[in-house]
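# Breakdown of the fold
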Amino acid sequence: MVITSKYNPLIKEIAKLSDKKYRKICGKYVVEGIKPVRECISAGCTILNIICVEGLESEFENAVIVSRAVFESVSSEVTPQGVLAVVELPSNKLKVPQDSCILLDRLQDPGNLGTVIRTANAAGYSEIYLINCTDPYSPKAVRASMSGIFFVKVYQGTNEEILGVLKGIPLICADMDGEDIFSFNSPEKFCLCIGNEGNGMSQEIMKRARFKVSIPMRETCESLNAAVSAGIVMYHLKYDKKR
């Protein structure tokens, strides 16, 4: 049977998941696209529903088939591929990181947040702590993470809560006035801190920082995008010592 009504209960539920508050209340989020859905499944995420247009049902077991018009009514993509999954939000309780980790302070652009998660996964940082950031499970952030969100643990909490679990771990803050990252020798285990796109790191975190590092730039450039800066520093801290 093919669902052709936008007022079907499942379709109405999926449409509501575009809202952050509703995602939090019901503990679900949406993953869209053929490759992301496949990777979400292979990562072992808890898939609650898969919906797809006719012709794709053979690729996704137990998928609910909908008309193209119905699918487009709940899609967040400009050119929908015709498949999405409703996924259970992971309930990661705050705990001490096992290895070097990332702390993001008040990142507000979902594209930046998703890109940082994507890069962190690629670079081998599996634990990411968020303080007052945009929702990492919004459609735009999930899309920008390029499936990285499925392979890292994201922890969210207040300044007090997160700095509490990071107690004793050297904080390395990316800061315009810090030491040149390319001459910096990092400790074996650390937490790299990236601040808000416009205002940088909060004073509370800066006071706790053991190190501050910066990326050298030409005088003609005032600053780098937060996600670009994070990527450069992440890779240097993780791999330069291994040369």
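Coordinates for the structure precede this section.
One structure accompanies this document, and this report is about it.

Basis of the calculations
Residues numbered from 1 in each chain as written. Predicted model: local features only at pLDDT ≥ 70, side-chain atom pairs only at ≥ 80, totals over all residues. Heavy atoms only, no water. Helix = DSSP H or I, 4+ residues; strand = E, 2+ residues; numbered from the N terminus. Expected span 1.5 Å × (residues − 1). Buried < 20%, exposed > 50% of the residue type's maximum accessible area, 1.4 Å probe, protein only. Contact = heavy atoms within 4.5 Å. Polar contact = N/O pair within 3.5 Å; in protein donor to acceptor, adjacent residues only side chain to side chain. Pairing = 2+ DSSP bridges. Axes fitted to C-alpha atoms, helices over the stretch in contact; angles between N-to-C directions. Phe/Tyr/Trp six-rings, centres within 6.5 Å; stacked < 30°, edge-to-face > 60°. Core = buried A, V, L, I, M, F, W, Y, C linked by side-chain atoms within 4.5 Å.

### Side note on helix α9 (residues 226-239)
- The first and last C-alpha atoms of α9 sit 20 Å apart over 14 residues, in line with the 20 Å expected at 1.5 Å per residue.
- Counting buried residues in α9 gives 10 out of 14 residues, a clear majority hidden from the surface.
- Among the structural elements, β6 (101-105), α5 (110-123), β9 (171-180), β10 (191-194) and β11 (211-214) are those in contact with the buried residues of α9.
- The N-capping residue of α9, defined by a side-chain oxygen 2.8 Å from the backbone nitrogen of Ala227, is Asn225.

### A word on the sheet that holds β11
- Spatially, 6 strands are ordered β8-β7-β6-β10-β9-β11 in an open sheet, and the strand pairing comes out parallel. Taken across any chain shown, the strands that pair with only one partner, and hence form the sheet edges, are β8 (153-157) and β11. On average, adjacent strands in this sheet sit at an angle of 35 degrees to one another, irrespective of strand direction.
- As defined by bridge partners, β6 adjoins β10 across 4 bridges and the pair is classed as parallel. In the sheet register, Leu103 faces β10, and the bridge partner there is Cys193.
- Packed on one face of the sheet, α9 meets β6, β9, β10 and β11 and runs near 165 degrees to β10.

### Some words on the packing of aromatic side chains
- On inspection of all chains with the given rule, the structure shows 6 aromatic pairs.
- The interplanar angle of 65 degrees and the centroid separation of 6.3 Å between the aromatic rings of Tyr125 and Phe190 together place this pair among those described as edge-to-face. In this pair, Tyr125 is assigned in the loop between α5 and β7 (127-131) and Phe190 in the loop between β9 and β10, connecting sequence segments 65 residues apart.
- On the basis of relative accessible area, Tyr125 is assigned to the buried category, the value being 0%.

### Quick notes on the environment of Val86
- The residue Val86 is located in strand β5 (residues 83-88) in this model.
- For the pair Val86 and Ile51, spaced 35 residues apart in sequence, the C-alpha to C-alpha distance is 8.4 Å.
- Setting aside anything within four residues of it in sequence, one finds Val86 in contact with Ile14, Leu17, Lys28, Tyr29, Thr46, Ile47, Leu48 and Asn49.

### Concerning the pairing of β5
- Counting buried residues along β5, 5 of its 6 residues qualify, which places the element largely inside the surrounding structure.
- Bridge count for strand β2 (residues 28-32) against β5 is 5 bridges, and the pairing is antiparallel. By the bridge assignment, Tyr29 is partnered in β5 with Val87.
- As paired elements, strand β3 (residues 47-53) and β5 share 5 bridges and run antiparallel to each other. When the sheet's bridge partners are listed, Cys52 is paired in β5 with Val83.

### Regarding the nonpolar core
- Grouped together as the largest cluster of nonpolar side chains are 58 residues, with contacts concentrated most on Ile51, Leu104 and Leu237.
- Those residues in contact with Ile51, other than ones at most four positions away along the chain, are Leu10, Ile11, Ile14, Val64, Val66, Phe71, Val74, Gly82, Val83 and Leu84.

### Overview of unusual backbone geometry
- In this model, Asn62 sits at a positive phi of 60 degrees, which is unusual for a non-glycine residue.
- Position of Asn62 relative to the elements: it lies in the loop between β3 and β4 (64-66).
- Taking the relative accessible area as the measure of exposure, Asn62 reaches 70% and is therefore exposed.
- Despite not being glycine, Ser147 shows a phi value in the positive range, around 75 degrees.
- Residue placement: Ser147 occurs in the loop between α6 (139-144) and β8.

### Section: the environment of Leu103
- With respect to the secondary-structure elements, Leu103 resides in strand β6.
- Placed 42 residues apart in sequence, Leu103 and Ser145 show a C-alpha to C-alpha distance of 16 Å.
- Setting aside its immediate chain neighbours within four residues, Leu103 contacts Tyr129, Ile131, Ile162, Leu166, Cys191, Leu192, Cys193, Ile194 and Ile205.

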